[in-house]
Amino acid sequence: MRSLKLIIQREYLARVRNKTFIVMTFLSPVILVGMFALIAYLSMLNSSEQHIIGLHDETGLFLKEFQDDENLQYLNFSDKSLDEAKKIVRENEYYGLIHIPSADNNYDLTGEVEFFGEESPGLGTVQNIEKIISNKLQRNELIQRGIDVDQIDSAKTSVDVEIQNFSGETTSKMANYLRMFFGGAAGYLLMMFIIIYGNMVMRSVIEEKTNRIIEIIVSSVKPIQLMLGKVIGTSLAGITQFTVWVILGGILYTIAGFYFGVDLINAQPGQIEVEQLNVPEVNQLVADVLNLPILSLIIYFLIYFLGGYFLYSAIYASIGAAVDSETDTQQFMLPVIIPLMLGIYIGFFAVIENPHGTVSTIFSMIPLTSPIVMLMRIPFGVPWWEISLSILILLCTNTAVVWLAAKIYRVGILMYGKKASYKEIYKWLKY
Amino acid sequence: MENLLVAENIYKRFGSYTALNNVSITIPKGSVFGLLGPNGAGKTTFIRIINQITMPDEGKVYLDGKPLHPEDIRHIGYLPEERGLYKSMKVGEQALYLARLKGLSKAEAKERLQYWFEKLEITGWWDKKIQELSKGMAQKVQFVITVLHNPKLLIFDEPFSGFDPVNANIIKREILELKEKGATILFSTHRMESVEELCDYMALINKSNKLLDGKVSEIKKEYKSNTFEVGLESENEAALLAELQEKFKVGKAQFKSINDDLKVSIQLQPHENPNDLIQYLLSKARINHFVEVIPSVNDIFIKTVTHNA
């Protein structure tokens, strides 16, 4: 135990004192927040720009439908000929020209509307134009068939389904987004952690091999102690780095938001538009957050985080032991990356679609994907026995994999110049 | 004499390959023991078994009369053939870490490090990183780390490879001094000549098998062939040579001499006495040189290996 502590200490200090590590620790949040600020700033610039679009409406029906807004301004050139209108638009470098030809009936128009422009217009602009025209056409068609359009308008209702569970607690739809957010963030975080720090474990094993210090060390401590010390020390360094990122990132985020006067929160895509919520809904949202089983979420998060990280970094460590240099690791990386990717994809597609479906359930049991998939499922409420089973499988696999990895590690670290293959490694397991 | 290390009937296989085949070795306390053999003979595997880096498939190892125990690594100092240090770690910090892994307390380790650093005149290196040191300098540090915890048994695998002659001499001196202080030393090498001057005992390993072992002087006695090199000064060397060839088994001899005389080697029958030879030669010529041919370890090695092949 004393040796393990010493090893953990050394590994931790070796990581934390590394110059690249220090630079990345402090630079990453700066870069990230800087990027957000830049994106926010640019999208603000973008949206403040007003486009001018010319209208050439031969039918005269649609002029009133195209209303100026903060992004678009429409100019009417219907009294000029089409060629003249085009010329004006081009000379003034307007955004484009909409041409609506005259037609005998509404249906003739459907494929005839044209847009002229120097560059092809944004998808949103085109959709908007199409919507305006087709709405108008639809209304005209309805009127022509003798249907009272006003009555249809007044008959339109908005439905807001209220979701309740069987014990009668109301949850808002927002709560589902929240669950997705928490689960997704946890799964994604775990994947990033495994890739970054698993690689670090691997590199440090390779370093010991290439430095030829390994034999000096294993004559003092057991290889498995060294391996565990490495994994634990590196993960502690990782936690330190993550903590710095979160704190520094948070501070910078606030400062940047304050300084630029940019509402960074609102600049993020897929944001929840808080200002559109009314007070009861905000209260509901707060209640939803509080309603999530925070404590058990944290506990499960820790279990799966540690379980998943240990599983993968043991594999990373044995890969490091099997090869002589980092360039040789490629052939062994696939079995590590594929389950990680699979976990994330299943999480973002299957789990969000149906958290308790067959695919989600199965992959939350398979140990290599379960940490990610289960973490994403848990906020949606998973029966306790499923979680227990999944954790049990994960722990058993962990023990087995750490044991196997330690065997590969023990043999591999003392093998120099031998090209490791899967076959070779299989042989090592039997030594 | 008491034995410090006894290895009995060690077998080690890697898959279908046998690395050690029934190897038994006994190392007396306070001796310098040479483990000899060509590359790939199984020396390093044997040493790793003593260091408990690998476990034998069969056989037992005793240290000081007791079966080898994981705690015993504290009594062993090992300088592996493949040796290195953390490149980006400072010398002092690194030495402290490795000493503490061997069970020394921080204060104790620091004190002994200071002693050794002063002894080898490397005090100024404490805050240097290994990557700033030359290979020979790094090896000095490794040597200190190996001996720092005052082990009973010191194991050096090819210790002199990579050392320049000056440093090799310093290390040789230190090793002999450690022996004086009571340490037992195990050398593993394929360079036979380095054994001649240092080792009291030796064992020969070839292709996983132990071929012979014992006291170096006794092995040499056993392998000597009652052969003598002589330098003779005579007026008629050709006639003398013809006469000698008739009476004895005569071979060519190569030794340095200031005299321009007849140089031959004469092999006597096992029962014959060299005194009789001298008497005979005295009557024929002037003897400038008369030396018994003692086989070198290298000769013994080649002889044994070819004999057993």
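Residues numbered from 1 in each chain as written. Chains lettered and ligands numbered in written order. Predicted model: local features only at pLDDT ≥ 70, side-chain atom pairs only at ≥ 80, totals over all residues.

Novice: Would you take a moment to explain the overall build of chain A for this structure?
Specialist: Helix and strand counts for chain A come out as 17 helices and six strands. In chain A, which comprises 431 residues, the share counted as buried stands at 31%. Across chain A, contacts joining residues at least 24 apart in sequence account for 72% of those joining residues at least 6 apart. (Helix = DSSP H or I, 4+ residues; strand = E, 2+ residues; numbered from the N terminus. Buried ≥ 20, exposed ≤ 12 C-beta atoms within 10 Å, placed from the backbone. Contact = placed C-beta atoms within 7 Å.)

Novice: Looking at this model, I keep getting lost on the overall build of chain B. Mind explaining?
Specialist: If you tally the helices and strands in chain B, you get 10 helices and 14 strands. A compact globule built from 309 residues should have a C-alpha radius of gyration of about 19 Å, whereas chain B, at 24 Å, is more than 25% larger. With 309 residues in all, chain B has 35% of them scored as buried. (Rg over C-alpha atoms; globule rule 2.2 N^0.38 Å.)

Novice: So what exactly am I meant to see when it comes to the UniProt feature "domain: ABC transporter" (unreviewed entry) in chain B here?
Specialist: In this numbering, the UniProt entry assigns the feature "domain: ABC transporter" (unreviewed entry) to residues 5–232 of chain B. Taken end to end, residues 5–232 of chain B is 33% helix and 30% strand, and its first and last C-alpha atoms sit 49 Å apart. (UniProt positions renumbered as here; feature names shortened; annotations may be inferred.)

Novice: Is there a simple way to think about the sheet that holds strand β3 (residues 96–100) of chain A in this case?
Specialist: Residue and element names in this part refer to chain A. Strand order in this open sheet of four strands is β2-β1-β3-β4, and the pairing throughout is mixed. A strand with exactly one partner marks an edge of an open sheet, and here the two such strands are β2 (72–76) and β4 (114–116). The average angle at which neighbouring strand axes cross in this sheet is 25°, direction not considered. Sheet analysis places β3 next to β4, joined by three bridges and oriented antiparallel. Within β4, the position partnered with Leu97 by the bridge is Phe116. (Pairing = 2+ DSSP bridges. Axes fitted to C-alpha atoms, helices over the stretch in contact; angles between N-to-C directions.)

Novice: Teacher, can you tell me more about the interface of chain B and chain A here?
Specialist: Frequently, the measure chosen for interface size is the accessible area removed from exposure when the parts meet. Contact residues are listed per partner, giving 18 residues for chain B and 17 residues for chain A. Top element by residues in the side of chain B that touches chain A is helix α2 (residues 91–101) of chain B. It accounts for four residues.

Novice: Before we go on, may I ask you to explain the pairing of strand β9 (residues 201–206) of chain B in this structure?
Specialist: Along any regular strand, the residues point their side chains to alternate faces of the sheet. All names here are of chain B. The element β9 is extensively covered by neighbouring structure, given that five of its six residues are classed as buried. Bridging between strand β3 (residues 32–36) and β9 involves four bridges; their strand directions are parallel. Residue pairing across strands places Leu35 opposite Ala203, the latter belonging to β9. Of the strand pairs in this sheet, β9 and strand β10 (residues 209–215) are connected by six bridges, and their pairing is antiparallel. Its bridge partner being in β10, Tyr201 is matched across the sheet by Lys215.

Novice: Sorry, what's going on with the UniProt feature "transmembrane region" (unreviewed entry) in chain A here?
Specialist: Within the UniProt annotation, "transmembrane region" (unreviewed entry) is assigned to residues 21–42, 180–201, 244–265, 285–312, 332–352, 359–378 and 384–406 of chain A. Helix makes up 100% of residues 180–201 of chain A and strand makes up 0%, while its end C-alpha atoms are separated by 31 Å.

Novice: Sorry, what's going on with the environment of Ala85 of chain A here?
Specialist: Residues and elements named next belong to chain A. Here Ala85 shows up in helix α3 (residues 82–91). Distance in space between the C-alpha atoms of Ala85 and Gly124 is 24 Å, their sequence separation being 39 residues. What Ala85 contacts, discounting residues up to four positions off in sequence, is Gly54, His56, Phe77, Lys80 and Leu97.

Novice: Mind showing me how you'd approach the environment of Arg13 of chain B here?
Specialist: Residues and elements named next belong to chain B. Take Arg13: it is sitting in strand β1 (residues 3–14). Arg13 sits 128 residues away from Val141 along the chain, and the two C-alpha atoms are 34 Å apart. Apart from residues lying up to four places away in sequence, Arg13 is in contact with Thr18, Ala19 and Asp57.

Novice: Would you mind going over helix α5 (residues 123–144) of chain A with me for this structure?
Specialist: Because each turn of an α-helix spans 3.6 residues, side chains separated by three or four positions end up pointing in the same direction. Across its 22 residues, α5 of chain A extends 31 Å between first and last C-alpha, which sits within 8% of the 32 Å expected from 1.5 Å per residue. Gly146 of chain A occupies a position one or two residues after α5 of chain A and carries a positive phi of about 80°. (Expected span 1.5 Å × (residues − 1).)

Novice: Can you help me understand the domain arrangement of chain B in this one?
Specialist: Segmenting chain B into domains produces domain 1 (3–221) and domain 2 (225–293). Between the C-alpha centres of domain 1 of chain B and domain 2 of chain B there is a distance of 44 Å. (Domains from an automatic or database assignment.)

Novice: How should I be thinking about the nonpolar core in this particular structure?
Specialist: A general trend in soluble globular proteins is that nonpolar side chains are found buried together. Ala317 of chain A together with Phe33, Leu36, Ile155 and Met202 of chain B are the most contacted members of the largest nonpolar core, which totals 129 residues. With 13 residues, the single largest contributor to this core is helix α12 (residues 294–322) of chain A. Once residues within four sequence positions are removed from consideration, Met202 of chain B is found in contact with Phe33, Gly34, Leu36, Val195, Asp213, Val216, Ile219 and Val297 of chain B. Ranked by size, the runner-up nonpolar core spans 12 residues in total, among them Phe66, Leu97, Ile100 and Ile133 of chain A. (Core = buried A, V, L, I, M, F, W, Y, C linked by C-beta atoms within 7 Å.)

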